[in-house]
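Here's the letter readout for the chains.
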Amino acid sequence: MSTESFHSTFNARHLQPEEVAETFIHNTDYEELIQNNHTVLLGPRGCGKTTLMKMLTLPALNSWNDQRAKSIRQQISFNAVYISTDIYWNAQKDSYNKQLSKFPLYSEIVSKVAVTTNVFFSLCESFENVIRYQIKPSNQKQEVELAKNLIKEWKLIPTIPNLSMVKEALKRRTDSLNQHIQKTVFNSSMDEDIKITDEYFYLDFHSSTEAAIFTFERIFKSDKNCKWALCFDELELAPMWLQERLFNSLRSRDQKILYKLSSSPILSISSELAATPGNDLKLVKMWPYGNSNKYHDFSETIVRSLLKKKFLKNVDPEIIFGSNPILSKMHLQSDYEKGGQTWNEIIQLAKKDSGLMRLLKKEKIDPNNPSISASNKVKLDTVLRKIKPIVYFKNYYRNYKEDKQGRKIRSRKSSSLFYGKEVLYKICDGNPRWLIGIVESILKKADNSSISKISEASQARVFHETAEQFNNIIKTIPSAIVERKNKIYTLAGILKEIGDYFFKEIVMGEFEMDPHSTFIIDDSITDEFIGILEKAVYQGAIVLINPSENAFDFNIRKKRFRLSYLFSPLYKIPLRTYAEIPLSKTLTEKETIPTQTKLIL
Amino acid sequence: MKLKNAFQLDFSQIKNEKFDLIFAASGYEKRCTQLFEKINLKGAKKILIAFKEKDTETQRIENDKKFKKLGFESFTAKEGSYVEIIDILNKVLEDILTKKQLNVLVDYSCMTKVWYATIINYFLNKDSNIQNINITFSYTPSVFAEPQDPMPNKYMGPIPGIYTISASNKPTALIMGLGYEKDRGKGLMEYLDPKTTFAFYTNPALDQKYVTAVEKNNSQLLSILGKSNVFKYPLGDLRTTDSLLTSLCLSLRNKYKIVLAPLGPKPFALMSILLSIKFPEIDVWRVSAGDSGNTYPRSPYLGDPIICKVCFERASIPLQFKIINPEKKEPVFMMPKKVLEPVL
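Residues numbered from 1 in each chain as written. Chains lettered and ligands numbered in written order. Predicted model: local features only at pLDDT ≥ 70, side-chain atom pairs only at ≥ 80, totals over all residues. Heavy atoms only, no water.

1. Section: the sheet that holds strand β6 (residues 132-139) of chain B
Residues and elements named next belong to chain B.
Turning to step 1, where the next piece is worked out: Strand order in the open sheet made by the seven strands is β1-β13-β6-β5-β2-β3-β4, with mixed pairing throughout. The open sheet has two edge strands, β1 (2-9) and β4 (73-77), and neither has a second partner. This sheet shows a mean twist of 20° between the axes of neighbouring strands, independent of strand direction.
Turning to step 2, where the next piece is worked out: For strand β2 (residues 21-26) and strand β3 (residues 45-51), the ladder comprises six bridges, and the chain directions are parallel. (Pairing = 2+ DSSP bridges. Helix = DSSP H or I, 4+ residues; strand = E, 2+ residues; numbered from the N terminus. Axes fitted to C-alpha atoms, helices over the stretch in contact; angles between N-to-C directions.)

2. What about the confidence of the model for chain A?
Residue and element names in this part refer to chain A.
Turning to step 1, where the next piece is worked out: Averaged over every residue, the pLDDT of chain A is 87; residues scoring 70 or more account for 90%.
Turning to step 2, where the next piece is worked out: Mean pLDDT across the elements of chain A bottoms out in helix α24 (residues 596-599) (34) and peaks in strand β8 (residues 516-520) (97).
Turning to step 3, where the next piece is worked out: Note that residues 409-413 has pLDDT below 50 and, in this model, nine contacts with residues that lie over four places away or in other chains. (pLDDT = per-residue confidence, 0-100. Contact = heavy atoms within 4.5 Å.)

3. Details of the nonpolar core
Turning to step 1, where the next piece is worked out: Membership of the largest hydrophobic core comes to 311 residues, with the highest contact counts inside it found for Y30, W154 and F232 of chain A together with F23, F123 and F312 of chain B.
Turning to step 2, where the next piece is worked out: Excluding residues that lie within four positions of it along the chain, F312 of chain B makes contacts with M1, K2, L3, K4, I120, L124, Q131, N132, I133, I135, L274 and I277 of chain B. (Core = buried A, V, L, I, M, F, W, Y, C linked by side-chain atoms within 4.5 Å. Buried < 20%, exposed > 50% of the residue type's maximum accessible area, 1.4 Å probe, protein only.)

4. Remarks on the sheet that holds strand β2 (residues 78-84) of chain A
Residue and element names in this part refer to chain A.
Turning to step 1, where the next piece is worked out: Taken together, the five strands give an open sheet; going across it, the order is β2-β3-β4-β1-β5, and neighbouring strands pair in parallel fashion. Where the open sheet ends on each side, the last strands, each with one partner, are β2 and β5 (281-285). With direction set aside, neighbouring strand axes in the sheet form an average angle of 15°.
Turning to step 2, where the next piece is worked out: Two strands pair when backbone bridges link them, and strand β3 (residues 227-233) and strand β4 (residues 257-263) are joined in this way by five bridges, in the parallel orientation. By the bridge assignment for β4, C231 is matched with K260.

5. Structural notes on the packing of aromatic side chains
Turning to step 1, where the next piece is worked out: Under the criterion given, the structure shown has 43 aromatic pairs over all chains.
Turning to step 2, where the next piece is worked out: Pairing F24 of chain A with W64 of chain A gives two aromatic rings, centres 5.2 Å apart and planes at 65°, and the pair type is edge-to-face. Taken together, the residues span a long stretch of sequence, with F24 of chain A in the loop between α1 (17-23) and α2 (28-33) and W64 of chain A in the loop between α4 (58-63) and α5 (69-75) at a distance of 40 residues. The same class applies to F24 of chain A as to W64 of chain A, namely buried.
Turning to step 3, where the next piece is worked out: Directly above the ring of F11 of chain B sits K38 of chain B, whose terminal nitrogen or CZ lies 5.4 Å from the centroid. (Phe/Tyr/Trp six-rings, centres within 6.5 Å; stacked < 30°, edge-to-face > 60°. Lys NZ or Arg CZ within 6 Å of the ring centre and 35° of its normal.)

6. Side note on the environment of K18 of chain B
All names here are of chain B.
Turning to step 1, where the next piece is worked out: With respect to the secondary-structure elements, K18 resides in the loop between β1 and β2.
Turning to step 2, where the next piece is worked out: Classification of K18 as exposed rests on a relative accessible area of 53%.
Turning to step 3, where the next piece is worked out: On a C-alpha basis, the gap between K18 and M111 in space is 22 Å, while along the polypeptide they are 93 residues apart.
Turning to step 4, where the next piece is worked out: If we skip the residues at most four places from it in the chain, K18 touches N40, K42, G43 and N103.

Printed below as a string of structure tokens:
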């Protein structure tokens, strides 16, 4: 990871649909998305929403080399129109667009023209794809007729009537819009001063799109029962009017047009405006929550495919990454038996931790021999398994010290607790982009010619570097700060406070069987902090544990979160969810509130 | 208005020039007033824009006094305010806009990118009688000051007016001009998440300590990008800088949406803004810690300022018909064949 950009390792945004299909790995989220209904994908940045959306398009579906591809192509009963949200659509909210602050009506019109023009552009691409993949042989006369119609209905400047030139004319429209904005900003002082003579300013993307689709179907005599799906990706970046309108449109039932939307886990719109999920609207939440192990198999499939790419044959991930003693579900029995690794760890800690000693005695487990005998076998699930990660972490990190440069200065039998295939599957929270980045970085240490385990220390280094890089990204998020008097509170600083709090409690504090590792955003947290914590949700830095069941979430207040597992190597906390605590308690019980000098990069 | 050409000049060529209009900025840096102690101010309308931030610093008060003595009409604006600059220009330029020719001097040494980009955009877009306008940009380099730990970003995005709404799904190519604060460039790259990234940094510089600091504080980024994506430019040689930047943009513009992000010395930022005027589909971004930004003393360097004269003329045909033909390579932004020796 140290030689890669954190996000760019594999970002579907940069790839053509055909390229996305080359490495696409099917999962249950995709099964939900291809159904013949409105669908909303919710998830943090990098969780694979764009990949799924692009995999709805015909070029991707027709390039996908998978045994399921043929049946899925037949199953999908809509033509997808992929529309990527552009941050510049947000003509009112963002500070660079404050230039239009004197013109509230005009700025909304500009935003709508930008959206409409982009939808038209994407629709043209979809028309081209349908002609290419479904209407063979294509008839040039039909395309000319369609283009003439679009030029007229979309109020385009006269151009050669084919779809390629219609797209060129749409590009020119944005040039013209940009010039109009500049002239307006410097020569008008209020909305009433602005002259809008071009009719295209008043086109509506939905009705114009619907009309264009009917025209297409009439001219090409295509299947009238086939629906069209407008796939708006990364809606959290879109202007509020568009988010409100699209989430409201999900109520419609008798539609020619379906909506496939992707957004952040928490919606910014008002709760009254969104449709209620049901038969006609499916929600897909693309992160692990509750006790879900949803992404384990998906992650394993990705890892296996990367190993195959590297070694040109199927390789068991355990051979390369080994198994992690804390998370492994194999050889459980021997692990807790006399002489087993966990047996030893418990004895070792019990000798120096009076809290564990008390707990074991209370549970009638012999601290000198916590093996699975007839008497304590029943305790395996209720006690030993539960305390296992805490025992390992306390043993490891209580003897762990860092010098001023953050280097570990006391060596132990194991270089870290973060290695092994189980860590790999769990630490990424189902985020394929992170997983691919980490695996590729670890595999750089591997020798192509020999298939053997990569050292635990090398793996641990990559996990740690990844955590640091993720932390650096959080530090650079603009406006993720709260200013009070002479102090600046940064998002990265707040996350560190939380991580340090949990470390002190889980690792350094009195032994607890169920310590705190999650937090509830309580009423003591002010709105300005809520604002920056929402950015953390979008980045995947904090993970919503209790989302509303089959419903949207509109607010992070009173919700339960944990830190992304990706931070675990940095804050030295186990990859496990324990009890909850009010967030304010993790922040205010500190002796020192983060100060400006402490929290800067 | 459209950009006709641009020249790098020697300071001696503008020292005695008569300007119609002069813009200066007053902040806490010592170099703010340096230029005006050695040029001809006679007959010019003199406008001072002073920062609303950090206005109680001793040097700032000193600078304000000097500007007042030199006869500047003073206004204040926030560091990132586009609207305030337009309001100031609307207030003071009514008479000026009736002229057909205009000769303007902008000392951008202490201005923010938003300020001088807005001044340029104002003349390009404001309805006026002006047919030709020459804007001379002057930059007084400073003595090296050690970099400080970067403050949290308050703003990361396009400069108002230097970005365009587009209707294509082209991937982004990020071209950064690196500064010397730690990992600012890498942070922007992670945030913007471009498909491809290039970095420029000044080498040689007036003081090689600056180059060492840039390389040290961007070491991770430079290693990620590799030699093929990193370009070095001499600080005082605008022609070379422009030539490198223009060639790169021309090679990328058909395939990518280009974002220029000048994070370092201001002459690179000026070149970036002028390039985006030449090719409007190029966006220019800035990263700012706003009023919480670090304070650097920045004393003037004992040498001549770096001068760039840019000529604009009224477009003879409506701009919307000026479609750029991707097949036809447009001439790069013109510099004179004979240029003066770099300041270095």
